[in-house]
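# Observations on the model geometry
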Amino acid sequence: MLTPLGRLDKYAASENIFNRQMVARSLLDTLKEVSDDERDCIAVLERISRLADDSEPTVRAELMEQVPHIAMFCQENRPSIPYAFSKYLLPIVVRYLADQNNQVRKTSQAALLVLLEQELIERYDVETKVCPVLIDLTAPDSNDDVKTEAVAIMCKMASMVGKDITERLVLPRFCEMCCDCRMFHVRKVCAANFGDICSVVGQQATEEMLLPRFFQLCSDNVWGVRKACAECFMAVSCATSQEVRRTKLSTLFINLISDPSRWVRQAAFQSLGPFISTFANPSSSGQYFKEEDGKNPAGCGSAQENSEQVRTTEDVTREDELNRTEDLSSHVDKDHFATKLENALEDQNTVSNNSQRESDFQTESSFHCTLSSESCGEMADENGRSSHCCTAGLREAGPNSRETALSEQELYNSFHFWRTPLPEIDIDFELQQTSEIILNREFQELAMPVSPNIPMATRKELEEMIENLEPHIDDPDVKAQVEVLSAALRASSLDPQEETMASVSKGTESQTELTISDQQNFKPILGDIVPLIGDTVENMDSTLHYIHNDSDLSTNSSFSPEEERKSKVQDVVPQALLDQYLSMTDPSRAQTVDTEIAKHCAYSLPGVALTLGRQNWHCLKDTYETLASDMQWKVRRTLAFSIHELAVILGDQLTAGDLVPVFNGFLKDLDEVRIGVLKHLHDFLKLLHLDKRREYLYQLQEFLVTDNSRNWRFRAELAEQLILLLDLYSARDIYDYLRPIAFSLCADKVSSVRWISYKLVSEMVKKLYMASTSTFVVDLMNELVEKFCRCRKWSGRQTFVFICQTISEDDCLPMDQFAVHLLPHLLHLASDRVPNVRVLLAKTLKQTLLEKEYFLNSANSHQEAVEQTIMVLQMDDDSDVKYFASIHPASTKIADDAMSTASSTY
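Residues numbered from 1 in each chain as written. Predicted model: local features only at pLDDT ≥ 70, side-chain atom pairs only at ≥ 80, totals over all residues. Heavy atoms only, no water.

## Some remarks on the overall build of the chain
Formally: Secondary structure elements are defined from DSSP: runs of H or I of at least 4 residues count as helices, runs of E of at least 2 residues count as strands, and each element is numbered from the N terminus. The cut-offs for exposure are 20% and 50% of the maximum accessible area for each residue type, with area from a 1.4 Å probe on protein chains only; residues under the lower value are buried, those over the upper are exposed, and the others partly exposed.
Counting its regular elements, the chain contains 52 helices and two strands. Counting across all 906 residues of the chain, residues that qualify as buried make up 53%.

Given below as structure tokens:
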């Protein structure tokens, strides 16, 4: 009989490869057999060293797979085998990193990472044995494959060895590898792991040593390297300061988004949302939900302070935007970034792909809106009337009381500017921020001489159009169109020169003369004003449709980009990044970048919303509504799964106004979308006010209907959510609305659904019993008896036993109340003709009820009735009923009963 060592020696010297492989596999078992003898353990480890020199790669690979397990054993038995791993095993692992066979190298790399993760390698060994070898393997004259793999190992081990070793030993060589001119594979590995290195070495080393290399990699001539940079951009951003993030990284990211390679652009857009989220400032994002919660100084300041921080579209001045652009342009080529910014703006302006005629109408609307504005002082005098805002960011003031301006007010009817009502803002606060800009813009536009060569629609054409619409004047849309055309008819009779001079005379006291460049820049706008007025009604309907849908009325005029996009302006993240994010819903992006780009936009929207804060929700509102109505159900599904998180970010007011309609739409969507709403139904409804929350009681019944009746997980999730919803509604609502759904789920065809429903009914009994009025719980228990205990089907009677067992186990009802209302009907089932019902009854009585203190310590009639019923069951004709009525209460739980009973299978 061979000893373990003898057997090891015999097969290790065999010429058969499979024998030597078997030796490698059995090394751990052999070591365990001789673990009591220190000398035998050392002997086994020495033989491992000799086996490591085997010429067959499969033997070496098999040996390396066993090394982590052997190292773990050595660590556990360290007193008897001191320094065994460091002396015998680690040199083998390090040597195999440069093995000629690819399989052996891969196995050793995996083993090294496992050993580092389990902290089986001493810090001293990492510095003196592992890192020097890896640095040698990444030398310029090293093998290409080995160099690439060594760089990958260095990057992966950085987070395990810590900042000190990484910064002293790994970082210098990593920076060299980022500039490897010969092997793009090496640069690609460096780019892919750049974020991990940055997160380990910290902010200072990242900004001083790594960022210059990162800029080089982002402009690499190989698209795969640039793509890897785009994928790790968020991790790199997290390791930098806010200033560097805003001034340098944002510019760099814009370059990646506009990269010539589609694959780079695709990766960049996928990382855009996560990158924007790194600009978040917890002190300003405000994680309280109710508006009044902000009054707590421990939160995010008082409600008044938060309201003062809210920036509306009018609050952002031209100076703010110019400063923001300058911040983005620092430390980079300003001309180059200006080109990128213009490209981003062009993309945003062409999202809807409107025809030239629609663009003309937008230009006309913007110009008319400005012409109809009066001075800020006159607005303030008009009894505090609130101002309205075009989506292009230009405002229409309240009507002027002077009769001389009445025609202008009628000319520029508010129908031009239909949109969702804006939140009420203090007019004084608003005027304080924007009076100077509006005055400048108004008087510049009003002072412009109207060219006599502008083509005007004839009065006859306008009269004919009004006549055609007169029969349909009852329609609100038609009536509004008639008002617009009537205003245009009156305008055609005005003398443009007189109107202009009258407007100029009003503003000469506070306004300087226009420059020549302003006049030249303004001429193209005037040339596009009127042609649409003389066009057909159908064309006007199509253009007005875009205004109704709150589309961006950006124009091709010479207005600065800041004024054109004021409705999307904020000061949290660089505007160019936000513009690119908003453009992800552009249908053209799906064709030129990624077919699932809208899904990526929806996935990161809650993070972007949290970053911008609820005060800037107006920037994302249109994008969210576009995504919510996207044709792809995967996009809507993504939003459905995150709508409860977005509600927390926005607060109760914005949730009720903007999210509830979307939520209602998801409730009627496909099951794939509805499941997202259903999984977080409680999380969303608890954020609503009580009156709004009660409206959904009528819709809960609809969740019982699914596109596929075999989708039982949908109904199981509904039961889970109803358990949570019990805390949100009153006893009356629970009894009237949730009780019928719970009873329906208790009769489901699938046992998993029924089992959760038993828990739901028991919790419902508990909730109703704790209510102020006890009539509901009595009525509920009576209905349980009538609906299930006296059911003609044996499965219904079995359900009644299950519910009683759950109520008893979870102590949902005092046992004296249970004994009065449910126990007599439960005991009556002892004479049921179906054995399955009697088996479950025996389990319930023996394992649940008789364990309760009420039946153990107090002698009462109920206890006697239970004992007599058990005696009857012990004499039952069915052997299973006898068994469960006779055995001592075991650890069998109701869940086991539910899954083991024949009737509970699908």
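From this point, things continue past the structure.
## Focus on a negative patch on the surface
Note the threshold: Patch members must show over 30% relative accessible area and no salt bridge, and they are joined within 9 Å when carrying like charges or within 5 Å when they are nonpolar side chains of Val, Leu, Ile, Met, Phe, Trp or Tyr. Only the protein chains shown count as cover for residues, and the accessible areas themselves come from Shrake-Rupley with a 1.4 Å probe. By definition, a salt bridge exists where a carboxyl oxygen of Asp or Glu is found within 4 Å of a side-chain nitrogen of Lys or Arg. The charge count includes Lys and Arg as positive and Asp and Glu as negative, but it does not include His or the ends of the chains. Taken as the charge centre is NZ of Lys, CZ of Arg, CG of Asp or CD of Glu, depending on the residue.
Together, Glu463, Glu464, Glu467 and Glu470 make up a region of like negative charge exposed at the surface. On the secondary structure map, Glu470 appears in the loop between helix H26 (459-469) and helix H27 (476-491).

## Considering the nonpolar core
Stated precisely, the cut-off is as follows: In these notes, a set of buried Ala, Val, Leu, Ile, Met, Phe, Trp, Tyr and Cys residues joined through side-chain atoms within 4.5 Å is what counts as a nonpolar core. Contacts are assigned to residue pairs with any non-hydrogen atoms lying within 4.5 Å of each other.
Within the largest apolar cluster, 169 residues are counted, with the highest numbers of intra-cluster contacts made by Phe194, Phe214, Tyr581, Leu685, Phe800, Phe818 and Leu826. The dominant element in this core, judged by the number of residues it contributes, is helix H42 (residues 731-746), at nine residues. The residues touching Leu685, leaving out its near neighbours within four places in the chain, are Phe663, Arg693, Tyr696, Leu725, Leu728 and Tyr729. Core analysis: the second largest hydrophobic core is formed by 55 residues, Leu27, Leu28, Val126 and Ile165 among them.

## Here's the deal with helix H14 (residues 223-231)
Within H14, burial applies to Gly224, Val225, Arg226, Ala228, Cys229 and Ala230. For H14, the elements touching its buried residues are helix H11 (184-192), helix H13 (203-218), helix H15 (233-238), helix H16 (242-257) and helix H17 (262-277).

## Examining unusual backbone geometry
Even without being glycine, Glu119 reaches a positive phi, approximately 55°. Residue placement: Glu119 occurs in the loop between helix H7 (102-117) and helix H8 (123-137). The backbone of Asp811 shows a phi angle near 55°, a positive value even though the residue is not glycine. According to the relative accessible area criterion, Asp811 is partly exposed, its value standing at 49%.

## Thoughts on the packing of helix H9 (residues 144-161) against helix H10 (residues 163-178)
Condition: In this analysis an axis means a line fitted to C-alpha atoms, helices contributing only their contacting stretch, and an angle means the value between N-to-C directions, from 0 to 180 degrees. Just so you know how the angles are binned, under 35 degrees is roughly parallel, over 145 roughly antiparallel, 65 to 115 roughly perpendicular, and the rest oblique. Crossings are assigned a handedness: left-handed for a near helix turned anticlockwise from the far helix by less than a right angle, right-handed for a clockwise turn. Residue type decides the class: Asp, Glu, Lys and Arg count as charged, Ala, Val, Leu, Ile, Met, Phe, Trp, Tyr, Cys and Pro as nonpolar, and the leftover types, Gly among them, as polar.
The N-to-C vectors of H9 and H10 enclose an angle of 150°; their axes lie 11 Å apart at closest approach. With respect to H10, the axis of H9 lies roughly antiparallel. The chirality of how H9 crosses H10 is left-handed. Touching Lys147, Val151, Met154, Cys155, Ala158 and Val161 of H9 are Ile165, Thr166, Val170, Arg173, Phe174 and Met177, all from H10. Residues belonging to the contact of H9 with H10 are distributed by class as follows: nine nonpolar, one polar and two charged.

## Things to note about the environment of Thr3
In this fold, Thr3 is placed in the segment before helix H1 (4-12). For the pair Thr3 and Glu33, spaced 30 residues apart in sequence, the C-alpha to C-alpha distance is 9.8 Å.

## With respect to the pattern of salt bridges
Taken as a whole and judged by the stated rule, the model has 34 salt bridges. The partner of Arg123 in a salt bridge is Asp164, and the shortest N-O contact between them spans 3.3 Å. Pair noted here: Arg123 is in helix H8 and Asp164 is in helix H10, with a separation of 41 residues, a long-range link. Judged by its relative accessible area of 42%, Arg123 is partly exposed. Shared partners join several salt bridges into a network, and the residues in it are Arg123, Glu127, Asp164 and Arg168.

## As for the packing of H14 against H17
The description of two helices packed together rests on the angle between their axes and the distance between the axes. Where H14 meets H17, the closest approach of the two axes is 8 Å, and the angle between their N-to-C directions is 5°. Here H14 is positioned roughly parallel relative to H17, judged by the angle of their axes. Counting all contacts with H14, which are made through Trp223, Arg226, Lys227, Ala230 and Glu231, the residues of H17 involved are Trp263, Val264, Ala267, Ala268 and Ser271.

## Considerations on the packing of aromatic side chains
Threshold: Classification of ring pairs rests on two measures: the distance between centres of Phe, Tyr or Trp rings, Trp counted by its six-membered ring, which must be within 6.5 Å, and the angle between planes, read as stacked under 30 degrees, edge-to-face over 60 and tilted in between. Over a ring means this: the NZ of a Lys or the CZ of an Arg is within 6 Å of the ring centre and within 35 degrees of the ring normal.
Under the counting rule described, the total for this entry stands at 17 aromatic pairs. Both rings, one in Phe275 and one in Phe279, keep their centres 5.4 Å apart while their planes meet at 70°; by these two values the pair is edge-to-face. Residue class for Phe275 comes out buried when judged on its relative accessible area of 0%. Of the residues examined, Phe279 reaches a relative accessible area of 2% and is grouped as buried. Between Tyr758 and Phe802 the ring centres are 5.2 Å apart and the planes differ by 15°, which places this aromatic pair in the stacked class. Residue Tyr758 is located in helix H43 (residues 751-769), and its partner Phe802 is located in helix H45 (residues 794-809); the two are separated by 44 residues in the primary sequence. Taking relative accessible area as the criterion, Tyr758 reaches 3% and is therefore assigned buried. A connected cluster of aromatic rings, assembled from ring pairs, spans Phe174, Phe194, Phe214, Phe233, Phe253, Phe275 and Phe279. Sitting over the ring of Tyr735, Arg739 keeps its end group 4.3 Å from the ring centre.

## Concerning helix H36 (residues 633-650)
The following threshold applies: Here, expected helix span is obtained from the residue count minus one, scaled by 1.5 Å. Note that bend, as reported per residue, equals the angle between axes fitted to the 7 residues terminating at that residue and the 7 residues originating from it.
Taking 1.5 Å of rise per residue, 18 residues should cover 26 Å, and H36 covers 24 Å from first to last C-alpha, within 8% of that figure. Largest kink in H36: about 50°, centred on Ser642. Taken together, the buried positions of H36 are occupied by Val635, Arg636, Thr638, Leu639, Ala640, Ser642, Ile643, His644, Leu646, Ala647, Ile649 and Leu650. Next to the buried residues of H36 lie helix H34 (597-612), helix H35 (618-628), helix H37 (652-667), helix H38 (671-679) and helix H39 (681-685).

## Remarks on the environment of Ile870
Following the sequence through the fold, Ile870 ends up in helix H50 (residues 861-874). Taking the C-alpha atoms as reference, Ile870 lies 9.9 Å from Lys843; in sequence the two are 27 residues apart. Excluding its chain neighbours within four sequence positions, the residues that come into contact with Ile870 are Leu845, Lys846, Leu850 and Ala885.

## Notes on the side chain of Thr240
As a reminder of what qualifies: Here a polar contact is taken to be a pair of N or O atoms separated by no more than 3.5 Å, where protein atoms must pair a possible hydrogen donor with a possible acceptor and residues adjacent in sequence count only if both atoms sit in side chains.
As for its placement among the helices and strands, Thr240 is situated in the loop between H15 and H16. A polar contact of 2.8 Å, which involves the side chain of Thr240, links it to the backbone oxygen of Ser237. The contact partners of Thr240, leaving out residues within four places of it in the chain, are Gln203, Thr206, Glu207, Leu211, Arg245 and Leu249.

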